[in-house]
Amino acid sequence: MSDISTRVPVAAPAHETADAAVIKGRHSENVLVGEEIVRHSFLSRVIHWSVAVSMVICLLTGLPIWTPIFGWMAFLFGGLQVCRWLHPWAGIFFFAASLVMFLHWAGQMWLGKSDWDWLGGLFSSTKSEAVDSQIGKYNGGQKIFFFTSALAALALMASGIVLWFPLSFDQGLREVSWILHDLTFILFTASIIGHIYLGTASEPGTFSAMTRGAVSKKWARFHHPRWYREVTGEESRRR
Ligand code: HEM
């Protein structure tokens, strides 16, 4: 009979089993690790998910306050009273996290000529390979989404403060704030649904950029060819 201890697999040393891209992503981004590229550092991901989670809490606590049609959602948080208390505090957190995200990413999000050309291409029937090959780390649509999200966070915060302390503001401002708060959250939610779709089902391989922090070289070459060239130094091959 064989000695059982000889058949127990010996654990490989930590440096052989660990995920190299995840380790690199703790401190860096825009670096090549084997067949992957680290796209978002750990810090970027923590900031992004703080914004995302707080936004979802704002939405789920806000909808039952907005209309009884969504009243059933209040039970997720222990009732309508809890929602009324939690919603403004989650809103403060969401705004603070959005501000941090804005300061963290703004430097990379200014639109250049190649971004405007790319956006122009969305309204043109002909697809230009020359324009597509100039897509950097973010495309024009992602950059526009970034700035509209920041504006939405500002509008929600400003109008939310008025609605939180209604007695401190006059009737006219309260009415404008109701409209601004409702209109912004409806449009913002629609854009977030589009963002989630693009970040998951519609573009396979994108979600891992915000979870593990890394994407495949193939994904980078396909979606962000100029960024791919900058990171790898390689010429991006035609698909
Ligand atoms: C709740 C579900 C969400 C999912 C699954 C999600 C997913 C993602 C993914 C995968 C990326 C990386 C895209 C890339 O590297 O090219 C990303 C980026 C980003 N996310 Fe989200 N996100 C969510 C919510 C939000 C929310 C609520 C905001 C609020 C403002 C937001 C703002 C951003 C911004 C500004 C970027 C960078 C620009 C862009 O890639 O569009 N995300 N998200």
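Computed from a predicted structure; not experimentally measured. (Residues numbered from 1 in each chain as written. Predicted model: local features only at pLDDT ≥ 70, side-chain atom pairs only at ≥ 80, totals over all residues.)

**Q** Can you tell me about the sheet that holds strand β1 (residues 31-33), naming the residues and giving the values?
**A** By definition, the strands of a sheet pair up through backbone hydrogen bonds, in either a parallel or an antiparallel sense. Pairing is antiparallel across the open sheet formed by three strands, whose spatial order is β1-β2-β3. Each edge of the open sheet carries a strand with a single partner, namely β1 and β3 (214-216). Between one strand axis and the next, the sheet turns through 35° on average, direction left out of account. Bridging between β1 and strand β2 (residues 36-38) involves three bridges; their strand directions are antiparallel. Counted as the bridge partner of L32 is I37 from β2. (Pairing = 2+ DSSP bridges. Helix = DSSP H or I, 4+ residues; strand = E, 2+ residues; numbered from the N terminus. Axes fitted to C-alpha atoms, helices over the stretch in contact; angles between N-to-C directions.)

**Q** Just give me the short version of the environment of L122, but keep the residues and values in it.
**A** Mapped onto the fold, L122 is located in helix α5 (residues 113-122). Residues L122 and I144, 22 residues apart in the sequence, show an inter-C-alpha distance of 13 Å.

**Q** Report on the environment of L151, specifying residues and quantitative values.
**A** Examined against the element boundaries, L151 turns out to sit in helix α7 (residues 140-164). It is 9.9 Å that separates the C-alpha atoms of L151 and F188, two residues lying 37 residues apart in sequence.

**Q** Please set out the nonpolar core residue by residue, giving values where relevant.
**A** Membership of the largest hydrophobic core comes to 14 residues, with the highest contact counts inside it found for V51, C58, F94 and A97. Sorting the residues of this core by element identifies α3 (42-66), α4 (80-109), α7 and α8 (171-199) as the ones contributing at least two each. For F94, the contacting residues outside a window of four places in its chain are V51, S54, M55, C58 and A153. Core analysis: the second largest hydrophobic core is formed by 10 residues, A21, A209, V215 and A220 among them. (Core = buried A, V, L, I, M, F, W, Y, C linked by C-beta atoms within 7 Å. Buried ≥ 20, exposed ≤ 12 C-beta atoms within 10 Å, placed from the backbone. Contact = placed C-beta atoms within 7 Å.)

**Q** Which residues make up the packing of α4 against α7, and what values go with them?
**A** Viewed as axis vectors pointing N to C, α4 and α7 meet at an angle of 150°, and their least axial separation amounts to 9 Å. By the angle between their axes, α4 is roughly antiparallel relative to α7. Considering how the two elements wind past one another, α4 and α7 form a crossing that is left-handed. Of the residues in α7, those in contact with P88, G91, F94, F95, S98, F102, W105 and M109 of α4 are K143, F146, F147, S149, A150, A153, L156, M157, G160 and W164. Along the lines of polarity and charge, the residues of the contact of α4 with α7 split into 13 nonpolar, four polar and one charged. (Parallel < 35°, antiparallel > 145°, perpendicular 65-115°, else oblique. Left-handed = near helix turned anticlockwise from the far one by under 90°. Nonpolar A, V, L, I, M, F, W, Y, C, P; charged D, E, K, R; others polar.)

**Q** Describe in detail α7, supporting the description with residues and values.
**A** Compared with an ideal rise of 1.5 Å per residue, which puts 25 residues at 36 Å, α7 spans 36 Å between its outermost C-alpha atoms and is within 8% of the ideal. On its buried side, α7 packs onto α4, α5 and α8. (Expected span 1.5 Å × (residues − 1).)

**Q** Describe the site of the ligand, with residues and values.
**A** The environment of the ligand is made up of 20 residues, and the closest members are A52, Q142, S149, G199 and A209. Secondary-structure elements contributing two or more residues to the shell around the ligand are α3, α7, α8 and α9 (207-211). With five residues, α3 is the largest single contributor of residues to the shell around the ligand. Residue composition of the shell around the ligand, grouped by class: 12 nonpolar, seven polar and one charged. (Near = placed C-beta within 6 Å.)

**Q** Lay out the confidence of the model for the protein chain in plain terms, naming residues and giving numbers.
**A** Where the model shows low pLDDT, its predicted coordinates should not be examined in detail. Residue-level pLDDT values for the protein chain average 92, and 91% of them are 70 or greater. Throughout residues 1-12 the model reports pLDDT below 50, and contacts reaching past four residues in sequence, or to other chains, amount to two contacts. (pLDDT = per-residue confidence, 0-100.)

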